[in-house]
Structures are given as C-alpha cells and as structure tokens.
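Secondary and tertiary structure notes
Residues per chain are reported as follows:
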Amino acid sequence: MRIITGDDIRSVCSWPMAVEALRAGHLLAPADLRDSLVENAGRKMLVRTAWIAGLASGVKAVTIYPDNPGANPPLPSVQGQVLLFDEARGDVVAVLEGVDLTAWKTAGDSALGSSCLSRPDIRIMLMVGAGSMARPLIDAHCSVRPSLDRVLVWNRNQARAENLVQSLADDGITAEVVTDLDAAVARADLISSATMSTEPLIHGAALKPGAHVDLVGAYTPSMREADDAALTRAQLFVDSLATTVGHIGEVMIPLASGAITKADIQGDMHDLVQGKAGRRSDDEITVFKNGGGAHLDVMIAHAVAKAVAAR
C-alpha cells in the first residue's frame, strides 16, 4: 500500500491526464455509488463509496468544519483521504490526500464536460467566483479549449477577483476583473461558476447563442447558481444523475417548481463521452451541472496511483 501525498499528486498530475482518466472511466459501466453524511453542531463528515467494475473501487472520507479557516492558525475547512482498492484482489492499493485529489477531479470533470459540449473555437471565458476552485477550473478549461484567449473574473469580493487576475497575468494569461455580471455573461463563450450562492447569479436572458455554462458550486439542496431561464433556454446535461437529481438545488429546485422535468436532462457524462448525446448546433446553449461523486475520485486516484508507481 502506498501513501500518496498532495506533493505526489501534483508531481504526476496534469490536466490532460486528469481529463483522459475521467474520459476512460466513463467508457466503462456506471459505478455503484453509496453516500453517508453525519452532522454535529454544523460540522459534517461525508463518506462516499464507488465501485467501478473493471477499474477499481474506493472510499472517500472527508470532514467539513466551516469555522476552521478562522482558527489561529487557519485550518482547511475540508480535510480527508481517499482509499483506493484493487478491483480484482480487494486489497488497499493506496491512500491518497483527498483535498488535493478533489481539485483535480472537480475541475477535470468540468473540463471533460466542456470538451464534449462547448464549441471548439471559443475565445472568452467568464469565471464566476474567485475561491479555491477558480484557478483549477480556468486552467482545466483552457487545457481542453486552447482557443480561449481572455478570462473575465467576477466575484462579490473584488479584491479576491483582482488577486486572481494578477495571478493569471503573472502566468501570461490575459484576464480582467468585471463588475457587471450580466454584461460579462453576455460577452462570454464559456461561463464557469463556483460559488456558495443560494440565489441564481447567472441569468439565462443574458446568455448569448452558442454559450456553454459550467455549474460547479451549488452542491446542497438549497444552493443554486443559474436561474430557470438559463436551464430552459439551454440543453441541460449533468455529470451523473445519481449525484444531482434528488441531491442538488440546481436541479431539485426547478424540478420541484415544474420549470423543468427529468426528461429535460439530455444526458449524463457516460452519454456525452460515448457519443450518445451532445451539442447539436453552434447556436445551441448548453448547461453542464458538475455534481461530483466518489466514482470520479476513484478514476483520478487510479490514474495517479499508476503514475506514482511508474516513477
């Protein structure tokens, strides 16, 4: 059994590698998934398991302590590990740092969705939110759509947006802070949103023809980043029906109100990767809901463990 640290993960991972691991995993049969969540005084422990026949099985266990960043010294709000099991023998192959793996999994998932749905000639990306996932999402999206040559950044806290733009500029990426979100949405070919919002930020009326929307942040039943118009104007896709329908406000709330039906979900990542669903025209608007799931952690963990063993 190997102990794989965050440094190990960073040393072997790249966005093409992460995206390809997820693409290959979705050519297999859907995973068997189970989740368990316990909560005490606002603190949570989440355990997610996945078994992907023909690849591997795994368990991701994380704690979520919202007050940790305010501690002295500050601590991460999310901490945990991923256990990777050999699919044939059942033994533990590796224990991997969960937080570092999650960034590669989450942004890689969105990038794979974009590679299946966004137009190949897109130029302008809008990043809604400037938190810890913003830079991985920008880098991952740019890896699958190298035509992107400008990044707009909107954030409620403008100082954080300015810091992100400066970081991008330092790496030679043309970027700018925007304050009018609707106007920025109207300019963007690709919108990626990773916020903690409970009220829609992305208004469908502002989306231009051919835009692709990547929704990452809303991960509880009460959270939402795009309004009904965005979902009804677009062709709607999810990464996994098992982790979105009945679990995430982005889908649950408009389903409950009747704004959309389950039939409006055009497909999941298996359908996209296997060519069973996708963009149908250059003018079509597409929305992809990134719901995550332990199956994605297992796909990335399996690729990382192989790469570390091969060093």
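All chains use their own residue numbering, which begins from 1 and follows the written sequence. Reporting in this predicted model follows two pLDDT cut-offs: at least 70 for local features of residues, and 80 or more for side-chain atom pairs to be given and counted; totals over whole chains, interfaces and linings ignore these cut-offs and use all residues. Side-chain metrics in this entry use all non-hydrogen atoms of the structure; hydrogen atoms and water are not considered.

Looking now at the side chain of Asp8. The topology assignment puts Asp8 in helix α1 (residues 6-12). Definition of a polar contact: a pair of N or O atoms within 3.5 Å, with one able to donate and the other able to accept a hydrogen when the atoms are protein atoms, and with sequence-neighbouring residues admitted only if both atoms are side-chain atoms. One polar contact links Asp8 to Arg311, side chain to side chain, over a distance of 3.3 Å. Every helix listed is a DSSP run of H or I at least four residues long, and every strand listed is a run of E at least two residues long, numbered separately from the N terminus.

Before going further, it helps to examine the nonpolar core. What is meant by a nonpolar core is a set of buried Ala, Val, Leu, Ile, Met, Phe, Trp, Tyr and Cys residues, joined one to another through side-chain atoms within 4.5 Å. Only protein chains enter the area calculation, which uses a 1.4 Å probe; residues under 20% of their type maximum are buried, those over 50% are exposed, and those in between are partly exposed. Judged by nonpolar contacts, the single largest core of 58 residues is most densely connected at Ile4, Leu96, Leu101, Met127, Val153, Ile300 and Val304. With 10 residues, the single largest contributor to this core is helix α11 (residues 294-309). Setting aside residues no more than four positions away along its own chain, Ile4 makes contact with Ile9, Ala94, Val95, Leu96, Glu97, Val304, Ala305 and Val308. We call two residues in contact whenever any of their non-hydrogen atoms come within 4.5 Å of each other.

Relative to the helices and strands, Leu37 is located in strand β2 (residues 32-40). The spatial distance from the C-alpha of Leu37 to the C-alpha of Ala309 is 32 Å, given a sequence separation of 272 residues. Leu37 has contacts with Lys44, Met45 and Leu46, leaving out every residue within four places of it along the chain.

Turning our eyes to something else, we now look at the sheet that holds β2. Read from one edge of the open sheet, six strands run β1-β6-β5-β4-β3-β2, paired in mixed fashion. Only two strands of the sheet have a single neighbouring strand rather than two, namely β1 (2-4) and β2. Adjacent strand axes in the sheet meet at a mean angle of 15 degrees when their direction is disregarded. Here, strands pair whenever DSSP counts at least two bridges between them. Of the strand pairs in this sheet, β1 and strand β6 (residues 92-97) are connected by three bridges, and their pairing is parallel. Paired with Ile4 across the strands is Leu96, a residue of β6. Note on definitions: angles span 0 to 180 degrees between N-to-C directions of axes, and those axes are lines fitted to C-alpha atoms, for helices only across the stretch in contact. Contacts between helix α3 (residues 98-117) and the sheet are confined to β4 (56-64), β5 (78-86) and β6, with β5 contributing the most and set at about 80 degrees to the helix. Contacts from α11 reach β1, β2, β3 (43-52), β4, β5 and β6 within the one sheet, and its direction differs from that of β3 by about 70 degrees.

Further remarks concern the sheet that holds strand β10 (residues 190-193). If you walk across this open sheet you meet the seven strands as β9-β8-β7-β10-β11-β13-β12, and the pairing is parallel. A single partner strand is all that each edge strand has here, and the edge strands are β9 (175-177) and β12 (235-238). Sheet twist, expressed as the average angle between the axes of neighbouring strands with direction ignored, equals 15 degrees. Both β12 and strand β13 (residues 286-289) contribute to a ladder of four bridges, which runs parallel. Counted as the bridge partner of Gln235 is Thr286 from β13. Strands β10, β11 (212-215), β12 and β13 of the sheet are contacted by α3, whose axis makes an angle of about 155 degrees with β13. Strands β7 (124-128), β8 (150-154), β10 and β11 of the sheet are contacted by helix α4 (residues 134-144), whose axis makes an angle of about 160 degrees with β7.

Looking now at the pairing of β13. Here is the key point about a regular strand: its side chains alternate between the two faces of the sheet. A two-sided burial pattern is seen for β13, the buried positions comprising Thr286 and Phe288 on one face and Val287 and Lys289 on the other. Here β11 pairs with β13 via four bridges, running parallel. Bridge pairing in β13 links Asp214 to Phe288.

So, on to the pattern of salt bridges. Whenever Lys or Arg places a side-chain nitrogen within 4 Å of a carboxyl oxygen from Asp or Glu, that contact is recorded as a salt bridge. The tally for this structure, following the rule as stated, stands at 21 salt bridges. Its salt-bridge partner being Asp100, residue Arg10 comes within 2.4 Å of it at the nearest N-O pair. You can see Arg10 sitting in helix α1 and its partner Asp100 sitting in helix α3, a full 90 residues away along the chain. A relative accessible area of 44% means that Arg10 is categorised as partly exposed. Here Asp100 falls in the partly exposed class, since its relative accessible area comes to 22%. Ionic pairing is found between Arg135 and Asp171, a salt bridge with its closest N-O pair at 2.7 Å. Note that Arg135 is positioned in helix α4 and Asp171 in the loop between α5 (158-170) and β9, a separation of 36 residues in sequence. Overall, Arg135 belongs to the buried group, its relative accessible area being 19%.

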